Amino acid sequence: MDGLEESYGAFLCERREEILGRISSAASRSGRSAAEVLPIAVSKTVSAREVLLARRAGWRAFGENRPQELSRKLAALEGEPECADVRFDMIGNLQKNKINQVIGRVTLIHSISSAHLAEAVSTRCEARGIVADVLLETNVSGEGSKSGFSPEELVAAADGVVALPGIRVLGLMTMAPAGDADAARRTFCGLRELAEGLRARTGLPLQTLSCGMSDDFEIAVEEGSTLVRLGRCVFDQGYALR
Ligand SMILES: *Cc1c(COP(=O)(O)O)cnc(C)c1O
């Protein structure tokens, strides 16, 4: 390990401590336990080597948004004993022709954004004799640029989607509008309420809420997030936590 890596490793450790402290404070502000929140290090912009350094700094869960990059990272880290206990999640837009690159290789797919995609993933999992854990990505804020089920579509599709044999729906995922703390809070709160409604409707636990990124993870934790997806604040030395 060279000097540059050493100082980057030290940055990763310090930053992780800072992030965990903030998650812990946000959890206690809303009467939750920090143990309910799993922070995921979004490694989409960094190399496999940086994932290894992050693992040494204590990160165990990583998120990728492109199947090709996921495959590259998995190949690079294969046989790396330090990374044997590492988990990868798929957090980004998933095209139907890339499903087979993802299923069976990730712990959780956060980004099931339509009933069609849910059916396609289920069918491919059935063919492989596996069941994929998934979240339903929901466009709570209604921004046109965001993908996912609208709240109305989600309610309409829920019964059919949760009955698909090749997937297990563990909860919901959303992205908040950027740069607006109040809108972020409304979005995360809306996600939690949608999950509560779906719980009553389906009888499923649906306990996983994937929301919160570098700019808004503390708000997300206050509003009930169980998975925060953190990219820049974990890996980018130029990113200042506010
Ligand atoms: C990149 C990405 C993140 C992380 O965003 P940061 O603002 O860098 O923390 C989270 N979720 C998804 C779906 C992403 O694509």
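Look up: the structure comes first, before these words.
Note that the structure is a prediction, hence the values are computed from the model and not measured.

Asks: Go over the side chain of Thr138 with me, naming the residues and quoting the values.
Replies: One can find Thr138 in the loop between β5 (132-137) and α5 (151-162). Ignoring any residue separated from it by four or fewer positions in sequence, one finds Thr138 in contact with Gly148, Phe149, Ser150, Pro151, Leu154, Leu172, Met173, Thr174, Leu191 and Leu194.

Asks: Tell me about the packing of aromatic side chains, and please be specific about residues and values.
Replies: Enumeration according to the criterion identifies two aromatic pairs in this entry. Pairing Tyr8 with Phe11 gives two aromatic rings, centres 5.8 Å apart and planes at 25 degrees, and the pair type is stacked. With Tyr8 and Phe11 both in helix α1 (residues 3-29) and three residues apart, this pair spans about one turn of that helix. Summarising the burial analysis for this pair, Tyr8 and Phe11 share the class buried.

Asks: I'd like a rundown of helix α6 (residues 181-202), residues and numbers included.
Replies: With 22 residues, α6 should reach 32 Å at 1.5 Å per residue; the first-to-last C-alpha distance of 31 Å fits that figure. The set of residues buried in α6 consists of Ala183, Ala184, Thr187, Phe188, Cys189, Gly190, Leu191, Leu194, Ala195 and Leu198. In this structure, the buried side of α6 is in contact with α5, β6 (167-173), β7 (208-210) and α7 (217-222). By the N-cap criterion, in which a side-chain oxygen at the helix start approaches the backbone nitrogen of a residue two or three places on, α6 is capped by Asp180, the distance to Asp182 being 3.2 Å. In the stretch just after α6, Gly203 is the one whose phi turns positive, near 75 degrees.

Asks: Lay out the site of the ligand with the relevant residues and their values.
Replies: Residues in close proximity to the ligand include Val42, Lys44, Ile91, Met175, Met213, Ser214, Arg229, Leu230, Gly231 and Arg232, which together make up its full environment. Measuring from an oxygen atom of the ligand, one finds a side-chain N or O atom of Lys44 at 2.8 Å. At a separation of 2.8 Å, an oxygen atom of the ligand approaches a polar side-chain atom of Arg232. When the free accessible area of the ligand is taken as 380 Å², the share hidden by the protein chains comes to 89%.

Asks: Explain α1 to me, and be specific about the residues and the numbers.
Replies: Working note: α-helix, 3.6 residues per turn, so residues spaced by three or four point in the same direction. Between its first and last C-alpha atoms α1 spans 39 Å; for 27 residues at 1.5 Å apiece the expected length is 39 Å, and the two agree. Here α1 has its buried residues at Glu5, Tyr8, Gly9, Phe11, Leu12, Arg15, Arg16, Ile19, Arg22, Ile23, Ala26 and Ala27. On its buried face, α1 sits against β1 (38-42), α2 (48-56), α7, β8 (227-230) and α8 (232-235). The distance from a side-chain oxygen at the start of α1 to the backbone nitrogen of Leu4 is 3.2 Å, and the residue carrying that oxygen is Asp2. Of the residues trailing α1, Gly31 is marked for its positive phi of about 70 degrees.

Asks: How would you sum up the state of the cysteines? Please name residues and give values.
Replies: Tallied over the entire structure, the rule returns zero disulfides. No disulfide involves Cys83; its sulfur sits 14 Å from that of Cys13, the nearest cysteine. When its relative accessible area of 8% is taken as the criterion, Cys83 is described as buried.

Asks: Run through the pattern of salt bridges, naming residues and quoting values.
Replies: Applying the stated criterion across every chain yields a total of 21 salt bridges. In this structure, the salt-bridge partner of Lys73 is Glu64, at a minimum N-O distance of 2.7 Å. A salt bridge links Arg192 to Glu196, with the nearest nitrogen and oxygen atoms 3.9 Å apart. With Arg192 and Glu196 both in helix α6 and four residues apart, the pair spans about one turn of that helix. What you see here is one network of salt bridges that share partners, running through Arg29, Arg185, Arg192, Glu196, Glu222 and Glu223.

Cut-offs applied
- Residues numbered from 1 in each chain as written.
- Predicted model: local features only at pLDDT ≥ 70, side-chain atom pairs only at ≥ 80, totals over all residues.
- Heavy atoms only, no water.
- Helix = DSSP H or I, 4+ residues; strand = E, 2+ residues; numbered from the N terminus.
- Contact = heavy atoms within 4.5 Å.
- Phe/Tyr/Trp six-rings, centres within 6.5 Å; stacked < 30°, edge-to-face > 60°.
- Buried < 20%, exposed > 50% of the residue type's maximum accessible area, 1.4 Å probe, protein only.
- Expected span 1.5 Å × (residues − 1).
- Polar contact = N/O pair within 3.5 Å; in protein donor to acceptor, adjacent residues only side chain to side chain.
- Near = heavy atom within 4 Å.
- Areas by Shrake-Rupley, 256 points an atom, 1.4 Å probe, with all protein chains shown as cover.
- Disulfide = S-S within 2.5 Å.
- Salt bridge = Lys/Arg side-chain N within 4 Å of Asp/Glu carboxyl O.

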